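# Residue-level structure breakdown
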Amino acid sequence: MLTTAEISSLRRRLLAWYASNRRRLPWRETRDPYRIWVSEVMLQQTQVKTALPYYRRFIREFPTLRKLAEADLGDVLKRWEGLGYYARARNLHRAAGMLAAGSGGRVPDRWDEFRALPGVGDYIAAAVLSIAFDRPHAVADGNVKRVLARLRMITVPVNRTASHPVFQAEADRLLDRRRPGDFNQALMELGALVCTPASPHCARCPLIRCCGAKQSETVARY
């Protein structure tokens, strides 16, 4: 069990690493909740390098939530063509229409309101609300789960739905509530760039000193 002091140190080291090593991505250069939302929807089941050109074209065509709401669904799906999982685009378009009609095109900054929109699950709600509005919601996607499994030597299977509450509870406990958006992105970025599924780059990890799996040389198990 990490002490309060150890958790504080972990947060500082992770955020310092993120500030120096994060990838420059267009959705990280804005606090516009709509644009952050679009990026998170696209990044579901899609790698960053694949989503990036689609994101840029989509935002050029639909720069605001209201523009998306006013667009024909066929045009939206055309801009989505090639990304797959078209239900993502349909839900995003439907949600934009609901918000344009009911809240003047404003993306909700409260969990219950945002989570109730079509296509918005726990992960997207936590990511958008933390990054765009600094709401203290922790994310627990695949990258985060892998980092936490190794860091805390969590033995339950990462890819089982029944295991999710275990990882979510740990993510909630470690979350830096003063900078939740940056912390969530830092943890995800660490999993994407350093704590990779195979051949993780442990020597480059800012959390190596408190990683249970590394200290016990059992990284491959997690």
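All of these numbers come straight from a predicted model, not from anything done at the bench.

What follows deals with the layout of surface pockets. When its volume is computed, the largest pocket comes out at roughly 600 Å³. Around the largest pocket sit 22 residues that line it, and Leu 43, Tyr 123, Asp 141, Asn 143 and Met 188 are the ones nearest its centre. Where the lining of the largest pocket is concerned, the elements lending two or more residues are helix H2 (33-43), helix H8 (122-133), helix H9 (142-152) and helix H11 (180-193). Its residues assigned to classes, the lining of the largest pocket shows 9 nonpolar, 8 polar and 5 charged. Approximately 190 Å³ is the volume found for the second largest pocket. What lines the second largest pocket is a set of 13 residues, among which Arg 31, Ile 131, Gly 181, Asp 182 and Gln 185 lie closest to the centre. Class assignment for the residues of the lining of the second largest pocket results in 2 nonpolar, 3 polar and 8 charged.

The interhelical angle for the contact between H9 and H11, taken along N-to-C directions, is 80°, at an axis separation of 8 Å. The angle between H9 and H11 falls in the class roughly perpendicular. Counting all contacts with H9, which are made through Asn 143, Val 144, Arg 146, Val 147 and Leu 148, the residues of H11 involved are Leu 187, Met 188, Leu 190, Gly 191 and Ala 192.

Our focus in this paragraph is the nonpolar core. Counting residues in hydrophobic clusters, the biggest one holds 39 residues, and the most contacted among them are Tyr 34, Trp 37, Met 42, Phe 58 and Phe 114. Those elements giving two or more residues to this core turn out to be H2, helix H3 (48-61), helix H4 (65-70), helix H5 (73-80), helix H6 (87-102) and H8. Residues in contact with Phe 58, not counting those within four places in the same chain, are Tyr 34, Val 38, Met 42, Leu 68, Val 76, Arg 79, Trp 80 and Leu 92. Counting 36 residues, the second-largest nonpolar core is a separate cluster that includes Leu 15, Tyr 18, Ala 138 and Cys 210.

Tracing the chain through its elements places Thr 196 in the loop between H11 and helix H12 (212-215). The spatial distance from the C-alpha of Thr 196 to the C-alpha of Asn 143 is 7.9 Å, given a sequence separation of 53 residues. Excluding residues within four positions of it along the chain, Thr 196 makes contact with Arg 146, Arg 150, Gly 191 and His 201.

Across the 11 residues that make up H2, a large majority, 9, are buried. When we look at burial in H2, the residues that qualify are Pro 33, Tyr 34, Ile 36, Trp 37, Val 38, Ser 39, Glu 40, Val 41 and Met 42. In this structure, the buried side of H2 is in contact with H3, H4, H5, H6, helix H7 (111-115) and H8. The opening residue of H2, the one whose side-chain oxygen lies 2.9 Å from the backbone nitrogen of Tyr 34, is Asp 32. Just past H2, the residue Gln 45 takes up positive phi, approximately 60°.

What counts and what doesn't
- Here the residue numbering is sequential within each chain, running from 1 through the sequence in written order.
- Whole-chain, interface and lining totals are the exception, using all residues; otherwise, since this is a predicted model, local features are given only for residues with pLDDT of at least 70 and side-chain atom pairs are given and counted only at 80 or more.
- Only heavy atoms go into the side-chain values, all of them from the structure, while hydrogens and water stay out.
- Whether a set of points on the 1 Å grid over the protein atoms alone is a cavity depends on a 1.4 Å probe fitting there but being unable to get out, while an open set qualifies as a pocket with protein on both sides within 12 Å along at least five of seven lines; lining residues are those with an atom within 4 Å of a point.
- Grid points are joined across faces, edges and corners, and a volume is the space filled by probe spheres set on the points.
- A run of H or I in DSSP becomes a helix once it reaches four residues, and a run of E becomes a strand once it reaches two; helices and strands are each numbered from the N terminus.
- Classification convention: Asp, Glu, Lys, Arg as charged; Ala, Val, Leu, Ile, Met, Phe, Trp, Tyr, Cys, Pro as nonpolar; all other residues, Gly among them, as polar.
- The axes are straight lines fitted to the C-alpha atoms, using for helices just the contacting stretch, and the angles between their N-to-C directions are given from 0 to 180°.
- By definition in this entry, angles of less than 35 degrees are roughly parallel, angles greater than 145 are roughly antiparallel, angles of 65 to 115 are roughly perpendicular, and the rest are oblique.
- Two residues form a contact once any of their heavy atoms are found within 4.5 Å.
- Think of a nonpolar core as a cluster: buried Ala, Val, Leu, Ile, Met, Phe, Trp, Tyr and Cys residues, connected wherever their side-chain atoms sit within 4.5 Å.
- In this scheme, a residue with accessible area under 20% of its type's maximum is buried, one over 50% is exposed, and one in between is partly exposed, where area comes from a 1.4 Å probe on protein chains only.
- The definition of a polar contact used here is a pair of N or O atoms within 3.5 Å, where within protein one atom must be able to donate a hydrogen and the other to accept one, and adjacent residues in sequence count solely through side-chain atom pairs.

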